[in-house]
Amino acid sequence: MSYEQVEVPADGESIEVLDAEADELDVPSNPIIPIIYGDGIGQDVGPAAQTVLQAAAEATGREISWMRVYAGESAREKYDEHLPNDTVEAIKEFNVAIKGPLTTPVGAGFRSLNVALRKKLDLYTNVRPTFHLDGVPSPVKHPEQMDMVTFRENTEDVYAGIEWEAGTDEVQQVREFVEEEMGYDDTIHPGSVGIGIKPITEFGTKRLVRKAIDYALENDRDSVTLIHKGNIMKFTEGAFRDWGYEVAEEEYGEAVITEDTLWEERDGEAPEGAVVVNDRIADNMLQQLLTRTEQYDVLAMPNLNGDYLSDAAGAQIGGLGIAPGANIGDGRILAEPVHGSAPKYAGQDKVNPSALILSGRIMLEYVGWDDAAALVKDALEATISSKKVTYDIERQIEGGEKLATSEFAEEVADRIRSNA
Ligand code: NAP
């Protein structure tokens, strides 16, 4: 592949995919990894994350060859387009990439670049490990009870972008079809209406639920909970639950057992090492996150539920400056933090880079560099515990020392070097 706008680092090698569905990769010790800094605070947290991740790679005898690619405002300024083809192609070619946040204007303008990237690269799973780091202030009494991993479907649901604006000919056509041909003549109020469509497919649901169950089995997790609003949206969210159970019942033999079977046939006693699959209605689950935190483990859900629920879970462990994530397809990952571009802090060397650093940790685990990933987590936790923190944490604790983004990253990298 030749790129028109960006350079491929001369000294790195490609990560090759051996088995896409199993996320099996052939990773050299000097991989080329594309990085998008993104908008707003992306220019602050991007270099900070590079410092820490490179330190962890070097401490374990490797080196990352970063390939800087562009999206968002920085791409528009440089190339007059928000999502250059080179960026998409680089992630397709090198398979493992990391990005900072991208600004999405509300209302008019382009649809979300994040959504576009996930769709173009078929990154159909959004994974967010949510666990508490010692020393991070939290709004709940026992943040340490939270240790969940959310799997959010990334390509369908109301995020599919099939919607029509009030007042257009298109919305009128859809309205007539729904009312006259489908028989919902008394359902939509008279006057202006905006209409959106919520597709949830068997294909999209099953591949997402498989990823969640595979993860639970590989990481010795006890349960996978399907979260849905199937009591109301029977043919979309209800179907998500049913197809999810089909995967559990038909594809994993004795390694997976449903909660119903567990009680009907085994008196609640799960076979050794088996993953239990159950389901919860989304509103109930949002309160159980707080009231029964310890009972939940891996969660799988459609797109919109996942958006709300993973942010709520993130708040319990200290909020946006900390919460990491990654978008995963078959044999491909684009790690990214949960937070946005926080434009008011852009370029101030002020915000917390932990969320992007921990997103990088997910990426390191994905390529099998578990030793480097562990160094990152331990050094980050030790730095925060020593009360050397960025503004967002410093304002919530007593006796903290406020560090700039870059100082914090150097502190974490130093700890990695001395712990290695
Ligand atoms: P945001 O950028 O996440 O910022 C909201 C607030 O969260 C900040 O004002 C700050 O709170 C805190 N925060 C966020 N990141 C932080 C960090 N690294 N360290 C410390 N505190 C941090 O949310 P937003 O203002 O709603 O969104 C801004 C833009 O980002 C929008 O265009 C949105 O669409 C976009 N966005 C992009 C992504 C993505 O690229 N994946 C995700 C979400 C939002 P305090 O001011 O209270 O300190």
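Higher on the page you've got the structure.
Residues numbered from 1 in each chain as written. Predicted model: local features only at pLDDT ≥ 70, side-chain atom pairs only at ≥ 80, totals over all residues. Heavy atoms only, no water.

Student: I'd like a description of the packing of helix 1 (residues 42-59) against helix 14 (residues 405-419), backed by residues and values.
Tutor: One way to put it is that helix 1 packs onto helix 14 with a least axis distance of 9 Å and a crossing angle of 5°. One element, helix 1, and the other, helix 14, form an angle in the roughly parallel class. Here Asp44, Val45, Ala48, Thr51, Val52, Ala55, Ala56 and Ala59 of helix 1 come into contact with helix 14, specifically with Thr405, Ala409, Glu410, Val412, Ala413, Ile416 and Arg417. Considering only residue class, the contact of helix 1 with helix 14 consists of ten nonpolar, two polar and three charged. (Axes fitted to C-alpha atoms, helices over the stretch in contact; angles between N-to-C directions. Helix = DSSP H or I, 4+ residues; strand = E, 2+ residues; numbered from the N terminus. Parallel < 35°, antiparallel > 145°, perpendicular 65-115°, else oblique. Contact = heavy atoms within 4.5 Å. Nonpolar A, V, L, I, M, F, W, Y, C, P; charged D, E, K, R; others polar.)

Student: Lay out the sheet that holds strand 7 (residues 147-153) in plain terms, naming residues and giving numbers.
Tutor: Strand order in the open sheet formed by eleven strands is 4-3-5-15-14-6-7-13-10-12-11, and the pairing between neighbours is mixed. Each of the sheet's edge strands pairs with one partner strand only, and the pair in question is strand 4 (65-69) and strand 11 (256-258). Strand after strand, the sheet turns through a mean of 25° between neighbouring axes, direction not considered. Across five bridges, the pairing between strand 3 (residues 32-36) and strand 4 is parallel. Paired with Ile35 across the strands is Arg68, a residue of strand 4. (Pairing = 2+ DSSP bridges.)

Student: Quick one: what's the story with the site of the ligand, residue by residue and with numbers?
Tutor: With respect to spatial proximity, 23 residues lie near the ligand, and among them Leu102, Gly340, Ala342, Tyr345 and Tyr391 are the closest. A distance of 3.4 Å separates a nitrogen atom of the ligand from a polar atom in the side chain of His339. Summarising the interface, the protein chains cover 70% of the accessible area of the ligand, which totals 890 Å² for the free molecule. Looking at the shell around the ligand residue by residue, the class counts come to ten nonpolar, eight polar and five charged. (Near = heavy atom within 4 Å. Polar contact = N/O pair within 3.5 Å; in protein donor to acceptor, adjacent residues only side chain to side chain. Areas by Shrake-Rupley, 256 points an atom, 1.4 Å probe, with all protein chains shown as cover.)

Student: So, the pattern of salt bridges: which residues are in play, and what are the values?
Tutor: Pairing between side chains of opposite charge can happen when their charged atoms approach one another. Per the counting criterion, the structure on display carries 24 salt bridges. Note that Asp147 is salt-bridged to Arg221, the shortest N-O span being 3.3 Å. Of this pair, Asp147 sits in strand 7 while Arg221 sits in the loop between helix 6 (202-218) and strand 10 (223-228), and the two are 74 residues apart along the sequence. Its relative accessible area of 14% is what places Arg221 among the buried residues. Between Asp283 and Lys229 there is a salt bridge whose closest N-O contact spans 3.2 Å. A residue pair is termed long-range when its members are at least 10 positions apart, and Asp283 in helix 9 (residues 282-291) and Lys229 in the loop between strand 10 and helix 7 (237-251) qualify at 54 residues. When its relative accessible area of 45% is taken as the criterion, Asp283 is described as partly exposed. Put simply, Asp23, Lys211 and Asp330 are held in one network by salt bridges that share partners. (Salt bridge = Lys/Arg side-chain N within 4 Å of Asp/Glu carboxyl O. Buried < 20%, exposed > 50% of the residue type's maximum accessible area, 1.4 Å probe, protein only.)

Student: Explain the pairing of strand 14 (residues 326-329) to me, and be specific about the residues and the numbers.
Tutor: Neither face of strand 14 is left uncovered, since the one carrying Ala326 and Ile328 and the one carrying Asn327 and Gly329 both have all their residues buried. Across three bridges, the pairing between strand 6 (residues 125-131) and strand 14 is antiparallel. Residue pairing across strands places Thr125 opposite Ile328, the latter belonging to strand 14. Where strand 14 folds back onto strand 15 (residues 332-335) in an antiparallel hairpin, the turn is made up of two residues, including Gly331, whose phi is positive at roughly 70°.

Student: Which residues make up the pairing of strand 10, and what are the values?
Tutor: Along strand 10, six of the six residues are buried, which leaves the element largely enclosed by surrounding structure. In strand 10, alternate side chains face the same way, and those of Ser223, Thr225 and Ile227 on one face and Val224, Leu226 and His228 on the other are all buried. Bridging between strand 10 and strand 12 (residues 275-281) involves six bridges; their strand directions are parallel. Note on strand 12: the bridge partner recorded for Leu226 is Asp279. Alignment of strand 10 against strand 13 (residues 298-301), held across three bridges, turns out to be parallel. Bridge pairing in strand 13 places Leu226 opposite Ala300.

Purely geometric stuff here, so don't read any function into it on its own.
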